[in-house]
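Inside the fold
One letter stands for each residue in the lines below.
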Amino acid sequence: MSSRFSFIYKFKHATKNPARIPGLLYAGGELVIGKLQQHRRELGLSLILLICSLISLFVGVADISIFDIINQNTEKLRLVFISRIPRTVSLIIAGVGLSISGLIMQQMTQNKFVSPTTAGSLDAAKMGILASIILIPASSMLVKALFAFAFTFLASLIFLKMVESIRYRNVIFVPLVGLMFGGILSSISTFAAVNLNIVQQMNAWMMGDFSGILEGRYELIYVSLPATILTYLYANKFTVVGMGQDFAKNLGLNYRAVMNIGLFCVSLTVSAVMIIAGSISFLGLVVPNIVSIIYGDNIKKTLPFVALFGSTFLVICDIIGRLVIFPYEIPIGMMVGVIGGVIFLILLLRQR
Amino acid sequence: MIKAEDISKSYGNNMVLDNITMQFPKGKVISLIGSNGAGKSTLLSIISRLLEQDQGTIAMDGKKITEFKNKKLARHLSILRQSNNVGLKLTVEELVSFGRFPYSQGRLKEEDHQKIEEAIRFLSLEEIQDSYLDELSGGQKQRAYLAMVVAQDTEYILLDEPLNNLDMKYSVQIMTILRRLADELDKTIIIVLHDINFASHYSDYIAALKDGNIEYYGITNEIITEQILQDVFDINCAITERNGKKTCNYFNHNL
Amino acid sequence: MRHHRNIFVLLAIGLLGAVALFMSYDLGRGWEYALGLRSVKVSAMAIVACCVAYSSVTFQTLTNNRILTPSIMGFESVYMLLQTVIVYIYGDQTFKVLNSFDNFMLSVVCMIGFAFMLYILIYRKGKDNIYLLVLIGLVLGILFHSLSSFMQLIIDPNDFFIIQGKMFASFSNINKDLLGYSAVIMVVTLIIGFRLTKYLDVISLGRDQAISLGINYQRMVQIFLVIIAILVSISTALIGPITFLGIMVTNLTYELLKTYRHSLTIAACCLVTAILIIGGQFLTEHLFHLSTPITTIINLVGGAYFLYLLLGLKKI
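The rules behind each value
Residues numbered from 1 in each chain as written. Chains lettered and ligands numbered in written order. Predicted model: local features only at pLDDT ≥ 70, side-chain atom pairs only at ≥ 80, totals over all residues. Heavy atoms only, no water. Helix = DSSP H or I, 4+ residues; strand = E, 2+ residues; numbered from the N terminus. Buried < 20%, exposed > 50% of the residue type's maximum accessible area, 1.4 Å probe, protein only. Areas by Shrake-Rupley, 256 points an atom, 1.4 Å probe, with all protein chains shown as cover. Lys, Arg positive; Asp, Glu negative; His and termini not counted. Charge placed at Lys NZ, Arg CZ, Asp CG, Glu CD. Axes fitted to C-alpha atoms, helices over the stretch in contact; angles between N-to-C directions. Parallel < 35°, antiparallel > 145°, perpendicular 65-115°, else oblique. Left-handed = near helix turned anticlockwise from the far one by under 90°. Contact = heavy atoms within 4.5 Å. Nonpolar A, V, L, I, M, F, W, Y, C, P; charged D, E, K, R; others polar. Disulfide = S-S within 2.5 Å. Core = buried A, V, L, I, M, F, W, Y, C linked by side-chain atoms within 4.5 Å. Buried area = accessible area lost by both parts, 1.4 Å probe. Salt bridge = Lys/Arg side-chain N within 4 Å of Asp/Glu carboxyl O. Pairing = 2+ DSSP bridges. Patch = residues over 30% accessible without salt bridge, like charges linked within 9 Å, V, L, I, M, F, W, Y side chains within 5 Å. pLDDT = per-residue confidence, 0-100.

Topic: the overall build of chain C
The secondary structure content of chain C amounts to 14 helices and zero strands. Its helices and strands in sequence order give chain C the pattern α-α-α-α-α-α-α-α-α-α-α-α-α-α, from N to C terminus. Each of the 316 residues in chain C was classed as buried or not, and the buried ones make up 61%. A total of about 12,700 Å² of accessible surface is found on chain C, and carbon and sulfur atoms cover 65% of it. Computing the positive centroid from 20 side-chain charges and the negative centroid from 13, chain C places the two 14 Å apart.

As structure tokens, this is what we get:
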């Protein structure tokens, strides 16, 4: 802060006295470096993300190396643009979106263990997609997404109402109830799928998998970006709303409106990711918790970390999934499910 | 007599109890006072074996409490804490009967029935003994729980802030009953209180905890002094005495 | 007490009525054969009813709430994972390699083993928190479910139908020997279990109170968890997953019978559960003609009840 003032001061004086310009440049440099240092962790993480993304571009069945790009090998370049880049970009967006959704939900319920997985949101989205298949058999991706969104939004509303009535209990109780709720939704979906004889298929497109992402078929996922931006702007409001209706009213916030915006953002993200990539459990649960352990609970500060962590984690998992049984792939849904689950267990066991 | 020796307990980096050593003489009412976080509830939980200490021992009449079988220990030591259990479908009489569990293991004999009746009478619960717990007021419920403890007929009764959420009338009622338990039935009452005036009027001994240590321990009237209270609670108070009992006025800081 | 007796009489009559209806409805020509088949089913239902009743009521007392059921601890995911692995390895040879008896025993052993592993994991660290135990079981359940889903993807679609059949509870094709073995295990467990219900009464007062009254709390909780594990394993291995049945039956029982005595509550719950299962199976067979498995009916109704409980309409 003071370096900024001293800079402005020096600037004012420099315009009067040209001999002071070197000093001015020096102060300006100091300011920039100061800001960089403050955010050095974010920069470091961003760098890691960048590197991983680049790696992701070059990992795959088709052998593409950086020379192919430099030499403008048209066929390989096409592959990069049609498959690799969309895939990597989707991974990043999904990672950011799901992690932040988890963070919002945790803030709104003031409970560390709430996330799209433990609140039935993923199961509701699945139900929505199934409903769209049943009701409008040849539905486009957009229609499916709308259905998924509607179901997720509704389910999240119900979940929040449930949380309100069991607020003052042991903190582990809430995710337990959420998981049961998800189980109920899931069993209804399974039943419908059995009757249509598409259980195996349903499992297939439910399984989180980024291998089918192609240019022209994945743009829907960009829809979750505005949700992420909105979250950043509303971050503190979500925290206040999490403290209760009275508390929020007292501070002049429109409780219902903020809640609904939060749910809107979460539902949008979850349904978009679900349509494009399938179900990815535990991401929204594990990433915000790890970040909170390392960096604390100040949302404005930790939000960028949650986003960076989430996307990096997802990209790395995907790369591993592509390499482990090369040239076959382990779907990311399973990788994150197992790795995320194990991390969550470790978190639980060490916390108590 | 209960003896605590070198009791220490920490949560993470926070040392809640630091080498506490003290004795609790028989047949007296001993209050534990101190500001929030001083460690009073923790100490009480450790003495009653609800919580495990990091180090140190609790001994009752010379024998370590960990060496007692819990069923037997329950005949000598009982503790009453804030109870939050939802949906207890019990009448007052059924709750008090639970107090006999260490002896009857569920099968009530003549002697058990007698003790139950006595406890109900002692706490003046005859009129509501067939009412369900969820129909009672806070004060009545607390008396019911106290009756259960009385029916348990233990030499040592530990209570953790029993006067929380009770209005004045019920608070005085409970403290009077505790006084009677000590005087008439020779029970030892160890009680955590946050209101020093109740401690002053009803206890024989007071132990003041601060930062995990026992700063002061002695006869009530020796502890209730302006200096000591200033040290323990960091407030000024004016003490008045009447009929041998001291009252602290800590409401006016500009003295 | 008289009030309680009336309820039991009512329930007993209800049960007899349900059994009679089930056995005699639409018997048709080959009635001897049908009767034989149906008695097997009814016996299985009785066993499952007792298992579910005892384990659900006990579990809810241990966790001090009226919503959770023991199956959420991951038992059913373990069962599904095992079944998936078996089909994955043996494909359509599954039934030849592993007859229903071996499958049953293997399932029970795996589920009980899982429970023990869980308990040791939690209690070794000296942590006395049953909610944590349940949550960890649940997370492991999700993990196993992910693994199962993945394996199910790569299984031959024809073989998949074997697994699909296991996903839902079914009273058809129950091996009579299995019935015998499960009945024996269940009866022995329940005899021990019923003698311990007085400790449950004290535990319902809360952990602190229970210890103060001389109960060896941690030991008791462990024993009850083992009993629950055995009963849930038998029920799941016998007929498959019935997740949400527990919520319904316990709450219905609590509505009918207002008492703290678990011996009475559990006994009544056994009757209630039996009536509901027989009723549900009756609907499945004669109204839905087996197109809707009983699990779905139970999950739908149980699920709706679950929401009703939680949307603040009742204080829990």
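Details of the packing of helix α10 (residues 224-242) of chain A against helix α14 (residues 299-324) of chain A
Two quantities define a packed helix pair, namely the angle between the helix axes and the distance between the axes. Residue and element names in this part refer to chain A. Taken N-terminus to C-terminus, the directions of α10 and α14 make an angle of 130°; their axes are 10 Å apart at the nearest point. On the basis of their axis angle, the class for α10 and α14 is oblique. As for the relative orientation of α10 and α14, their crossing is right-handed in sense. Contact residues: Thr-231, Tyr-232, Leu-233, Ala-235, Asn-236 and Thr-239 in α10; Ile-299, Lys-300, Leu-303 and Pro-304 in α14. Residue composition of the contact of α10 with α14, by class: six nonpolar, three polar and one charged.

Overview of the state of the cysteines
Under the counting rule described, the total for this entry stands at zero disulfides over all chains. Between Cys-237 of chain B, a free cysteine, and Cys-248 of chain B, which holds the nearest cysteine sulfur, the sulfur-to-sulfur gap is 4.9 Å. Of all cysteine sulfurs in the structure, the one in Cys-270 of chain C sits closest to Cys-269 of chain C, which takes part in no disulfide; the separation is 6.6 Å. Exposure remark for Cys-269 of chain C: the relative accessible area of 0% places this residue in the buried category.

Re the nonpolar core
If you look at the biggest cluster of nonpolar residues, it comprises 292 residues, and the most contacted ones within it are Leu-32 of chain B together with Phe-306 of chain C. Formed by seven residues, the second largest nonpolar core is a distinct cluster that contains Phe-8, Leu-11, Leu-271 and Val-272 of chain C.

Quick look at the interface of chain A and chain C
Taken together, the 41 residues of chain A in the interface contact 49 residues of chain C. Between chain A and chain C the total buried area reaches about 4,100 Å² when both faces are included, carbon and sulfur atoms providing 79% of it. Broken down residue by residue, the surface that chain A buries against chain C is led by Met-180, Gln-200 and Leu-349 of chain A, which jointly contribute 18%. The interface formed by chain A and chain C contains zero salt bridges. Contributions of two or more residues to the side of chain A that touches chain C are made by α7 (141-165), α8 (173-196), α9 (199-206) and α15 (332-351) of chain A. Within the side of chain A that touches chain C, the residues separate by chemical class into 27 nonpolar, 11 polar and three charged.

So, the sheet that holds strand β2 (residues 14-24) of chain B
All names here are of chain B. Sheet architecture is open: four strands sit in the order β2-β1-β4-β5, paired in antiparallel fashion. Either end of the sheet is taken by a strand with one partner, and the two such strands are β2 and β5 (63-64). Summarising the sheet, strand β1 (residues 2-11) and strand β4 (residues 55-60) pair through five bridges and their orientation is antiparallel. Across the sheet, the residue bridging to Ser-8 is Gln-55, located in β4. The sheet contacts of helix α1 (residues 40-47) involve β1, β2 and β4, and relative to β2 the element is tilted by about 60°.

Overview of the pairing of β1 of chain B
Residue and element names in this part refer to chain B. In this structure, β1 lies alongside β2, joined through seven bridges in antiparallel fashion. Across the sheet, the residue bridging to Lys-9 is Leu-17, located in β2. Here β1 hands over to β2 after two residues, with Gly-12 in that stretch at a positive phi of 65°.

Regarding a nonpolar patch on the surface
There is a patch of nonpolar side chains on the surface, built from Leu-47, Leu-50, Ile-51, Leu-54 and Ile-55 of chain A and spanning about 470 Å² of accessible area. Along the chain, the position of Leu-50 of chain A falls in helix α3 (residues 40-58).

Here we look at the sheet that holds strand β8 (residues 188-192) of chain B
Residues and elements named next belong to chain B. Read from one edge to the other, the open sheet built from six strands follows the order β6-β7-β8-β3-β9-β10, with strand pairing classed as mixed. Looking along the sheet, the strands with just one partner apiece sit at the ends: β6 (77-80) and β10 (213-219). Adjacent strand axes in the sheet meet at a mean angle of 15°, parallel and antiparallel pairs treated alike. Sheet analysis places strand β3 (residues 29-34) next to strand β9 (residues 205-210), joined by five bridges and oriented parallel. Directly across from Ser-31, in β9, lies its bridge partner Ile-206. Helix α7 (residues 168-185) contacts β3, β7 (156-160) and β8 of the sheet and is inclined by roughly 150° relative to β8.

Observations regarding a positive patch on the surface
Taken together, the side chains of Lys-63, Lys-69, Lys-71, Lys-72 and Arg-75 of chain B define a basic patch exposed on the protein surface. In this fold, Lys-63 of chain B is placed in strand β5.

Observations concerning the confidence of the model for chain C
Residue and element names in this part refer to chain C. With 96% of its residues at a pLDDT of 70 or more, chain C shows a mean pLDDT of 85. Per-element confidence in chain C ranges from a low mean pLDDT of 71 for helix α4 (residues 94-97) to a high of 93 for helix α9 (residues 197-203). Predicted complex, confidence summary: ipTM 0.88, pTM 0.85.

Remarks on the pattern of salt bridges
Under the defined criterion, the tally for this structure stands at 19 salt bridges over all chains. Between Glu-184 of chain B and Arg-180 of chain B there is a salt bridge, with its nearest N and O atoms 3.1 Å apart. With Glu-184 of chain B and Arg-180 of chain B both in helix α7, this residue pair falls four residues apart, about one helical turn. Taken together, the salt bridges that share partners define one network made up of Arg-87, Asp-318, Arg-322 and Glu-329 of chain A.

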